[in-house]
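# A closer look at the structure
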Amino acid sequence: MKEFVKTLEILGEKIELGESRTIDFNIAKLYTSTSIEIPIIIERSIHPGPTVLITAAIHGDEINGVEIVRQLISRKINKPKRGTIISIPILNVFGFLNTDRAFPDGRDLNRSFPGNRRGSLASRVAYFFTNEILPHADYCVDFHTGGASRFNAPQVRINPGDENLLKLAKIFNVPFSVYSKNLKKTYRSTCGKKGIPIILFEGGKSLESNTQIVNYGVRGTKRFLYYLNMLDSKFNVTNPSRDTVVIEKSRWIRAQKSGLFHLKIKCNELVKKGATLATITDPYGKMKFNVIAPNKGYVINVNQAPIVHQGDAIFHMSTKDDQAQGEEMENIDE
Ligand SMILES: [Zn+2]
């Protein structure tokens, strides 16, 4: 843990122990001269303790995460028993306004870390965040969903071999903990380089608020705060009936045909080798192609698109296969 600071200083504002404060970070106006703020909600206990930084909507179309952080705030889960909780429900406010994953110029904030003061707008937001906010954090929790129509089972992403993160993921305890290498220029890789543990939660898909997924995110955060002795004692902590399943190897299955896409299984399911996962048909009732499970495994992402192109990622599955490394391991969502 970092050295304890009595007075927290963010963007020139001083926040003392026991204080609540919302700081509106203003990085650039809209082209209509309208001001755009990124609210940073800070809650400090009178009792010293760790600082947890909670973020969502690094991708502007990932609404589930925004709802998770909103609930943490409105239910006052973010008022810690000790220490400090910094919540940023919408980091990419520009994308959120356009309900778009990226910034208006197409840049992906989660490929712009640690950022550059004179770079693109996304790069500037990353730079400000990395230099002004992140240094205060002892732990980070970041909420994501699958990209486009790819629906993720609730899961925490762990850089392979990081035993500390694996331990924290088991405490967060959502259905899956998935090994996936830190991608270059992501928030997660910047945390990795700075030695700040980050719980990266993935669940649901973009442009959707899914009650079940939101509950997983909120309950996981409560378990995590409880572990840090930061959760107010008025909150109950429950553990799920099944502990998180750790997935060390996984692969993406891509569509071998283009066509209408018909799912035959649900996300989260454990399927047998040879099981039919989906069918792909033409629109004319002539062609039907079965998508077959290449191995026994958990399905941790299903593409819910009604139509697919050949080559589209349609399922993410656990595997025991060593050859599932490389391109297949690429994290196409985070
Ligand atoms: Zn994301």
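Since we're looking at a predicted model, the values are computed, not measured.

### Things to note about the domain arrangement of the chain
What the domain assignment lists for the chain is domain 1 (8-227) and domain 2 (249-329). On a C-alpha basis, the centroid separation for the pair domain 1 and domain 2 is 30 Å. In total, about 1100 Å² of surface goes out of reach between domain 1 and domain 2, with carbon and sulfur atoms giving 54% of it. Where domain 1 touches domain 2, the interface holds zero salt bridges. Run the count over domain 1 and domain 2 and you get eight residue pairs in polar contact (both at pLDDT 80 or more).

### Quick look at the sheet that holds strand β18 (residues 307-308)
The strand order across the open sheet built from four strands is β16-β15-β13-β18, with neighbouring strands paired in antiparallel fashion. At either end of the open sheet lies a strand with only one pairing partner, and these are β16 (288-292) and β18.

### Considering the coordination of the zinc ion
Note on metal geometry: ideal angles are 109.5 degrees for four donors arranged tetrahedrally and 90 or 180 degrees for six donors arranged octahedrally. Only H59 (ND1), E62 (OE), E62 (OE) and H144 (ND1) from the protein coordinate the zinc ion, and they sit 2.0 to 2.4 Å from it. Given four donor atoms and angles of 56 to 149 degrees at the metal, the environment of the zinc ion is assigned as irregular. Read from N- to C-terminus, the donor residues coordinating the zinc ion fall into the pattern H-x2-E-x81-H. With H59 in the loop between β5 (51-56) and α1 (63-74) and H144 in strand β7 (residues 139-146), this residue pair connects regions lying 85 residues apart in the sequence. By relative accessible area, which is 0% here, H59 ends up buried.

### Structural notes on the pattern of salt bridges
As enumerated under the stated definition, the model contains 11 salt bridges in all. Between E19 and R21 there is a salt bridge, and its shortest N-O distance comes to 2.9 Å. Using a relative accessible area of 25% as the deciding quantity, one classes E19 as partly exposed. Owing to a relative accessible area of 22%, R21 belongs among the partly exposed residues under this scheme. Here D108 ties to R101 by a salt bridge, and the two come within 3.3 Å at their closest N and O atoms. Taking the relative accessible area as the measure of exposure, D108 reaches 16% and is therefore buried. Taken together, the shared-partner salt bridges in this structure form one network comprising R157, R188, E202 and E334.

### Focus: unusual backbone geometry
The linkage connecting F113 with the following residue, P114, adopts the cis geometry, with an omega of 0 degrees. Relative to the helices and strands, P114 resides in the loop between α2 (93-97) and α3 (121-133).

### Side note on α1
For α1, built from 12 residues, the straight-helix expectation of 16 Å at 1.5 Å per residue is met to within 8% by its first-to-last C-alpha distance of 16 Å. Buried residues along α1 sit in contact with β5, β6 (84-88), α2, β7, β10 (198-205) and α6 (211-227).

### Digging into the side chain of N301
In this structure, N301 sits in strand β17 (residues 297-303). Assessed through its relative accessible area of 0%, N301 is described here as buried. Of note is the side chain of N301, whose polar atom sits 2.8 Å from the side chain of N152. Excluding anything up to four places from it in sequence, N301 contacts R150, F151, N152, W252, C267, I314, F315, H316 and D333.

### Describing the packing of aromatic side chains
This structure, assessed with the given rule, holds 10 aromatic pairs. A ring pair is formed by F25 and F128, whose centres lie 3.3 Å apart and whose planes are at 10 degrees; its orientation type is stacked. With F25 in strand β3 (residues 20-25) and F128 in helix α3, this residue pair connects regions lying 103 residues apart in the sequence. A single burial state applies to F25 and to F128, both of which are buried. An aromatic cluster of at least three residues, connected via ring pairs, comprises F113, F129 and Y187. For the cation-ring pair, R242 lies above F176, with the distance from its terminal atom to the ring centre recorded as 5.3 Å.

The rules behind each value
- Residues numbered from 1 in each chain as written.
- Predicted model: local features only at pLDDT ≥ 70, side-chain atom pairs only at ≥ 80, totals over all residues.
- Heavy atoms only, no water.
- Domains from an automatic or database assignment.
- Buried area = accessible area lost by both parts, 1.4 Å probe.
- Salt bridge = Lys/Arg side-chain N within 4 Å of Asp/Glu carboxyl O.
- Polar contact = N/O pair within 3.5 Å; in protein donor to acceptor, adjacent residues only side chain to side chain.
- Pairing = 2+ DSSP bridges.
- Helix = DSSP H or I, 4+ residues; strand = E, 2+ residues; numbered from the N terminus.
- Donors = N, O, S within 2.8 Å, 3.2 Å for Na, K, Ca; no water.
- Tetrahedral: all angles 85-135°; square planar, octahedral: opposite > 155°, others 65-115°.
- Buried < 20%, exposed > 50% of the residue type's maximum accessible area, 1.4 Å probe, protein only.
- Expected span 1.5 Å × (residues − 1).
- Contact = heavy atoms within 4.5 Å.
- Phe/Tyr/Trp six-rings, centres within 6.5 Å; stacked < 30°, edge-to-face > 60°.
- Lys NZ or Arg CZ within 6 Å of the ring centre and 35° of its normal.

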